[in-house]
Number of protein chains: 2
Amino acid sequence: MQNWLIKQSQINPDKIALITTAEQWTFAQLTEKVLQTAGQLTTLLGELPRQTRIAVLVKNDSTGYLVILALQQLGLVPLLLNWRLSRIELQRQLKIGQPRALIVDDNLATQLKVDVKVKLISLKQMTTSKAQTIVPVPEFLPDQLASIMFTSGTTGQPHGVKQTFQNHFYSAVGSAFNLGLDTNELWLCALPIFHISGLSIMMRSLIYGMGILLVQHFSAVEVTQQLQDYPVTLMSVVPQMLQRLLKVYPAKGYQQHFRGFLLGGGPIDAATLKTCQQKNLPVVQSYGMTETCSQVVALNFTEAERHLGSVGKPLFPIQVRLAAKPIGEIQLKGPNLAAGYLDDSHGFSQKMTADGWFKTGDIGRFDQTGFLYICGRKDEMLISGGENIFPQEIEAVYQQFSSIQEIAVIGVNDEKWGQVPWAFYSTQKPINYQLLLSFGRQHLAHYKVPQQFIWVDHLPRTASHKISRSKLRELAKKMKS
Amino acid sequence: MQNWLIKQSQINPDKIALITTAEQWTFAQLTEKVLQTAGQLTTLLGELPRQTRIAVLVKNDSTGYLVILALQQLGLVPLLLNWRLSRIELQRQLKIGQPRALIVDDNLATQLKVDVKVKLISLKQMTTSKAQTIVPVPEFLPDQLASIMFTSGTTGQPHGVKQTFQNHFYSAVGSAFNLGLDTNELWLCALPIFHISGLSIMMRSLIYGMGILLVQHFSAVEVTQQLQDYPVTLMSVVPQMLQRLLKVYPAKGYQQHFRGFLLGGGPIDAATLKTCQQKNLPVVQSYGMTETCSQVVALNFTEAERHLGSVGKPLFPIQVRLAAKPIGEIQLKGPNLAAGYLDDSHGFSQKMTADGWFKTGDIGRFDQTGFLYICGRKDEMLISGGENIFPQEIEAVYQQFSSIQEIAVIGVNDEKWGQVPWAFYSTQKPINYQLLLSFGRQHLAHYKVPQQFIWVDHLPRTASHKISRSKLRELAKKMKS
């Protein structure tokens, strides 16, 4: 297929492509800026072979946006780094990625002291360079890499995932067939563009000819204002963002064009979903990962209300099966599936079955009508007295305990039972142990009720804002010793 | 990708798939009926190798619909025949197609006396047969044939076009990215399902999970009633249908869900488009052919009004170029492009350029903003005194002559000029020659004004309702001799 950006500049030149607090660009304007950026990068980088990797450490702003798109125009591969990572983590990813250069936001450059020999280009350097005239790649070839990004690494080390143009294309198609496609779609992106949750919105913009409202830092108040000021149709959220938005939901509501939230990044509690229903705010739950280039399973607007707790059905291009019935590891097949890991091709192929399905590491079950429910991570599952226990199930129950803000359950070794569940929770004040115990016994089989309830100020999270269970395990170890 | 019908029966079982005057089926119900039909066909046909061709001569009704889908479920290829064809034409297509059997509507069987040794299966036979339990094909493979249908053959003999699942998929994607996709899309199909205009709606239904309102015979009054009774969102039309619908457009309008008409099959006159604008009826002009599995160039809703007469811009998966600038043959590239001709692979490869572009045989030009205008068929163009003349241009001018119902211009050999244009037109009464001449001279260069205006009762048309210029040429020859 033809280079997507150039295509949009031809077929939708006057359509809004990008809105930030400072700028508003049509596809014609965006393309001009991107090509200029590509010209500046060529001045600094020289001519490089196609598919050369260039690391990118940028924020959710227009310049970061331009850099990612400009690299694609040159046939280079943006290796997207998370600016929330520690120096050691960044160092490891640069070592694995072996990029030819690192393009870095000036505000992030100061805190960056990586011990890897890599050419550094600051955004200031870039924007003040003279732009060479460049010839953008004529086509985006299906098997070429469009992006590389690291998994969040909730368990184990992050992997660099090789995402092709085909991956992004089918991901966008699957999403459109499920959510429908407004001819004036405007998608609010407050999720990081170095993650698949954010980057997939950028790629959909190029594929659909759709506008993006790009938000640098998520603030519930500011985003709420934007949802009133702009004709936003869709917004991607993680559960926490949705909860915070609901707290400041305005009496007038959002603009009438708003179609709903696409919810990813973990399960949502029933209370939040109910509030959304009361406010007539459609929420589409979804399930996906970096290796599948965003959502692969999702609810749709019609069924979102009737199947609380389910992540929905496999999107059109995707097939899903379970390794065992009625509960088993979720396996996937489809053109969204990434080309592999940068650092560990063996690690990726180990996740493939002999007949070509990807083992997600998540345990799921289907209900009788084909809706998928996620039970939890295979490696987070604990076995207590021979019974399988999924922390998520216990967490979902305790999220209904009104004063609990957040809770995470892990398995802790136990001489008698093999493993037992422990819970870490945060509230304003610690809660009486007996209260928590009896609440659990009302709602859960006794062996699922945590043996310990540990009150913490807040739960440790990874750079991608997921709860870090490995840190909780360390904490539990210390407490036992 | 997974078998599309089975996929929809899993992800959208309760969504409306098909509405006819007699039936209303969800995807779950449609799938059950299709698999039953496939079982009945297996009883009659036996087990056949995948991709075996089965000819189909059916009407736009639910049984015809089931037959086409059932063959795909068995991995067989429906060879779609046009019931408006003459016996000789049918015979030729069956000879080329070499189908293993011919499934024929009982009402069409009586008039069918083809002299080709082919097993005949009537729909009555089929529906009264016992259904074997069959296993539908698990996947629709991109390069396998989904359908074969013959070109309309306005010039020369019709070719059997091999359309793959990939062709249909990208065609549907390109259409959705241009028109947007309503989550409750209901597409009214009054065009024949043995043509790409109708079949492409069927395929979109399987790909989007979209409903179809299937109309057996187009009647402006009945369709208008349906547009008031059902929440139709889109309807495909050819110019004549649109004109007839406008004549009976109701004061109340159609249901509020109606998004617009997709117009194909030739140019529309400015007056009709203006009426649509006045009535606030969006019309999207488009350009496509059997070889590209439906539209490849189209306007969108926003720009439809501002670019009267243009067929729009190349859809997302498609690239378009001209063999010469500013006016030249339109050439296409993209995944919509059919796998070739059944009868004449040489004929198809002759239409491909050395660098892989398909030569459409249509002459076009782009305006400065990239909108494509069709000048006419390359082989309909006439050269008069060294000047290129496109019949369409002349026809468009005379269509503004109020009493003219239809007009067609052809080139006729001339000793002095090489060729000169002749016009055939139909009106209630013949029009004064001088009147026609002076009208032409007001609007056209003198060499473009037809030398003869021949009054006919109606213009000869092909089975696909296109004006048959070859028959007009024969008529002109007779008149000259």
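Scope of this entry: the structure provided in the associated data block. Source: prediction; values computed, not measured. (Residues numbered from 1 in each chain as written. Chains lettered and ligands numbered in written order. Predicted model: local features only at pLDDT ≥ 70, side-chain atom pairs only at ≥ 80, totals over all residues. Heavy atoms only, no water.)

## Focus: helix α15 (residues 469-480) of chain A
Residues and elements named next belong to chain A. Going by this rule: Secondary structure counts use DSSP, requiring at least four H or I residues in a row for a helix and at least two E residues in a row for a strand, with both numbered from the N terminus. Helix span is expected to be 1.5 Å times the residue number reduced by one. Buried means the residue's accessible area, taken with a 1.4 Å probe over protein chains only, is under 20% of the maximum for its type, while exposed means over 50%, and partly exposed covers the values in between. Directions drawn from the helix axis to the C-beta atoms are what define this arc.
In this model α15 runs 16 Å from its N-terminal to its C-terminal C-alpha over twelve residues, within 8% of the 16 Å that 1.5 Å per residue would give. If you check which residues of α15 are buried, you get R469, L472 and A476. One face of α15 carries all of its buried residues, which in axial projection span an arc of 55°. Turned more than 90 degrees from where α15 packs its buried face, K477 and K478 sit exposed.

## Let's talk about the nonpolar core
Going by this rule: Here, nonpolar core refers to any group of buried Ala, Val, Leu, Ile, Met, Phe, Trp, Tyr and Cys residues whose side-chain atoms link them within 4.5 Å. Contacts are assigned to residue pairs with any non-hydrogen atoms lying within 4.5 Å of each other.
Among the nonpolar cores identified, the biggest contains 141 residues, and L30, F169 and F177 of chain A together with L30, F169 and F177 of chain B are the most heavily contacted of them. If we skip the residues at most four places from it in the chain, L30 of chain A touches L5, A17, W25, Y65, L66 and L69 of chain A.

## Let's talk about the sheet that holds strand β16 (residues 319-322) of chain A
All names here are of chain A. Just so we agree on the cut-off: When DSSP finds two or more bridges between a pair of strands, those strands are recorded as paired. Axis definition: a line fit to C-alpha positions, over the contact stretch in the case of helices; interaxial angles, taken between N-to-C directions, run 0 to 180 degrees.
Sheet architecture is open: four strands sit in the order β16-β17-β19-β20, paired in antiparallel fashion. Two strands in the sheet have a free side with no partner beyond their single neighbour: β16 and β20 (372-377). Geometrically, the sheet is characterised by an average inter-axis angle of 45° between neighbouring strands, direction not taken into account. Pairing between strand β19 (residues 358-366) and β20: five bridges, direction antiparallel. Each residue of the ladder has a partner; that of F366, found in β20, is L372.

## Focus: the pairing of β19 of chain A
Residue and element names in this part refer to chain A. Note: strand β17 (residues 327-333) against β19, five bridges, orientation antiparallel. Looking at the pairing, E329 lines up with I363 of β19. Linking two consecutive strands that pair antiparallel, namely β19 and β20, is a turn of five residues; a positive phi of about 90° is found at G370 within it.

## Looking at empty space enclosed by the protein
The gaps of empty space that remain are located by a probe, the size of a water molecule, rolled over the atoms. What counts is decided by this rule: Points on a 1 Å grid over protein atoms alone make up a cavity when a 1.4 Å probe fits among them but cannot get out, and a pocket when they form an open set with protein on both sides within 12 Å along at least five of seven lines; lining residues each have an atom within 4 Å of a point. Grid points are joined across faces, edges and corners, and a volume is the space filled by probe spheres set on the points. Asp, Glu, Lys and Arg are counted as charged, while Ala, Val, Leu, Ile, Met, Phe, Trp, Tyr, Cys and Pro are counted as nonpolar; the rest, among them Gly, fall into the polar class.
In this structure the tally under the stated criterion is two cavities of 30 Å³ or more. Reported here for the largest cavity is a volume of approximately 60 Å³. What lines the largest cavity is a set of 13 residues, and nearest its centre among them are K15, D182, T183, Y208 and G209 of chain B. Those elements giving two or more residues to the lining of the largest cavity turn out to be α7 (165-179) of chain A together with α8 (196-209) of chain B. When grouped by side-chain class, the residues that make up the lining of the largest cavity number four nonpolar, six polar and three charged. Its boundaries defined by the atoms lining it, the second largest cavity holds a volume of some 30 Å³. Along the walls of the second largest cavity sit T292, V296, I318, L332, K333, G334, N336 and L337 of chain A, which together make up its complete lining.

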